Amino acid sequence: MKKPVIAIDGYSSTGKSSISKIIADKLGLIHMDTGALYRGVTWYALQHCLNDNGQIDLDQLFSSFSNINLEFKNSEGTLVLYLNNEDISKEIRTNLVSENVSLVAKQKEVRDFLLQSQRSLAEKGGVIMDGRDIGTVVLPNADYKFFLTASIDERTNRRFLELKSLGIEAVREQVKQNLIDRDKIDSEREIAPLKQAEDAIVVDNSELTKEETIELILSHIQKI
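Residues numbered from 1 in each chain as written. Predicted model: local features only at pLDDT ≥ 70, side-chain atom pairs only at ≥ 80, totals over all residues. Heavy atoms only, no water.

- Per an unreviewed UniProt entry, the protein carries the name Cytidylate kinase and comes from Chryseobacterium indologenes.
- Its UniProt record, at the heading Sequence similarities (unreviewed entry), says of the protein: "Belongs to the cytidylate kinase family. Type 1 subfamily."
- Per its UniProt entry, the protein bears the Subcellular location (unreviewed entry) comment "Cytoplasm". (UniProt positions renumbered as here; feature names shortened; annotations may be inferred.)

Following this line, the structure appears as structure tokens:
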């Protein structure tokens, strides 16, 4: 029997990636963190495609796609993102990438560049994929769709603690404003905006622990 394809969308810092990974482990699925891919492209752009003003030159980025090789490698049970054979899993979580990823991710050229690789991974089933447009654009025929949300204050706290755990200095109010700005950009962009698929199950985990959120999602998924 073909294993299911599961799409999990939602706002930043709702735990999409970590929750998806645990569910993947429990159900024997492959987990694909699409947000990491967009962060990977953003990191590349910040290293190689800046103009004289220190801003990302989008045209230069678009013409550099052939130089960008992103892949996930298994490291002790965890999928780690590599850019051109270099582990960039920590670099893509910095504030600098967070401040620029929405600009990069809203570009049609970037989304087209990453879209096919995401779909091809899901063709055989047995995949859980998280992002912002998985259920609406990338995998509209997914067997299960979930949309995660939480209050801005709770998401700020989670993001702040995540940065702290990575040894990245951050100001709580700046983290909050970054999340607000990203929500606005991601929701209002013309290409594949962040929005709930009509057939998605909404999960507000403002007052739920990660474990409770996982159990709630699993309760909606039929036993494989």
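1. Some points on the overall build of the protein
Item 1. The helix and strand tally for the protein stands at 9 helices and 8 strands.
Item 2. Its C-alpha radius of gyration of 17 Å places the protein within 12% of the 17 Å reference for a compact globule of 224 residues.
Item 3. Seen through its C-alpha atoms, the protein measures out along the principal axes to roughly 55 × 40 × 35 Å.
Item 4. By residue count, 48% of the 224 residues in the protein fall in the buried class.
Item 5. When the accessible surface of the protein is totalled, it reaches about 11,500 Å², and 47% of it is carbon and sulfur.
Item 6. Averaging the locations of the 28 positively and 35 negatively charged side chains of the protein gives two centres separated by 3 Å. (Helix = DSSP H or I, 4+ residues; strand = E, 2+ residues; numbered from the N terminus. Rg over C-alpha atoms; globule rule 2.2 N^0.38 Å. Buried < 20%, exposed > 50% of the residue type's maximum accessible area, 1.4 Å probe, protein only. Areas by Shrake-Rupley, 256 points an atom, 1.4 Å probe, with all protein chains shown as cover. Lys, Arg positive; Asp, Glu negative; His and termini not counted. Charge placed at Lys NZ, Arg CZ, Asp CG, Glu CD.)

2. Structural notes on unusual backbone geometry
Item 1. Even without being a glycine, Ser 13 presents a positive backbone phi close to 65 degrees.
Item 2. Mapped onto the secondary structure, Ser 13 falls in the loop between strand S1 (5-10) and helix H1 (16-27).
Item 3. Positioned with a positive phi, Ala 192 is a non-glycine residue whose angle comes to about 45 degrees.
Item 4. Under the relative-accessibility criterion, Ala 192 is labelled buried at 13%.

3. Considerations on the sheet that holds S1
Item 1. Spatially, the 5 strands line up as an open sheet ordered S2-S6-S1-S7-S8, and their pairing is parallel. Each end of this open sheet is capped by a strand with a single partner; those strands are strand S2 (30-33) and strand S8 (201-204). Direction aside, the axes of adjacent strands within the sheet are offset by 20 degrees on average.
Item 2. As paired elements, strand S7 (residues 144-149) and S8 share 4 bridges and run parallel to each other. Looking across to S8, one finds that Leu 148 is bridged to Val 203.
Item 3. Of the strands in this sheet, S1, S2, strand S6 (127-131) and S7 are in contact with H1, which crosses S6 at around 175 degrees.
Item 4. The strands touched by helix H2 (residues 34-48) are S2 and S6; relative to S2, the strand with the most contacts, the crossing angle is about 40 degrees. (Pairing = 2+ DSSP bridges. Axes fitted to C-alpha atoms, helices over the stretch in contact; angles between N-to-C directions. Contact = heavy atoms within 4.5 Å.)

4. Focus: the pairing of S1
The side chains of a regular strand alternate, first on one face of the sheet and then on the other.
Item 1. Of all 6 residues in S1, 6 are buried, a share of seventy percent or more.
Item 2. Alternating residues of S1 divide into Val 5, Ala 7 and Asp 9 and Ile 6, Ile 8 and Gly 10, and every residue in both groups is buried.
Item 3. With 5 bridges connecting them, S1 and S6 associate as parallel partners. By the bridge assignment for S6, Ile 8 is matched with Asp 130.
Item 4. In the sheet, S1 pairs with S7 via 5 bridges, with the strands oriented parallel. Across the sheet, the residue bridging to Gly 10 is Leu 148, located in S7.

5. Quick notes on the packing of H2 against helix H5 (residues 108-122)
Item 1. In contact at an axis separation of 11 Å, H2 and H5 are set at 140 degrees when each is read in the N-to-C sense. If you check the angle between H2 and H5, you find them oblique. The crossing of H2 and H5 is right-handed. Along the contact surface, H2 presents Thr 34, Leu 37, Tyr 38 and Val 41, while H5 presents Val 110, Arg 111, Phe 113, Leu 114 and Gln 118.
Item 2. Here the contact of H2 with H5 is built from residues that sort into 6 nonpolar, 2 polar and 1 charged. (Parallel < 35°, antiparallel > 145°, perpendicular 65-115°, else oblique. Left-handed = near helix turned anticlockwise from the far one by under 90°. Nonpolar A, V, L, I, M, F, W, Y, C, P; charged D, E, K, R; others polar.)

6. Things to note about the nonpolar core
Item 1. Counting 36 residues, the largest nonpolar core has Leu 61, Leu 70, Val 110, Met 129 and Leu 139 as the members making the most contacts within it.
Item 2. Of all the secondary structure elements, the ones that give two or more residues to this core are S1, H2, helix H3 (58-62), strand S4 (78-83), helix H4 (95-105), H5, S6 and helix H6 (134-138).
Item 3. No other element matches the 8 residues that H2 contributes to this core.
Item 4. Of all hydrophobic cores here, the second largest spans 15 residues; its members include Ile 23, Leu 29, Ile 214 and Ile 217. (Core = buried A, V, L, I, M, F, W, Y, C linked by side-chain atoms within 4.5 Å.)

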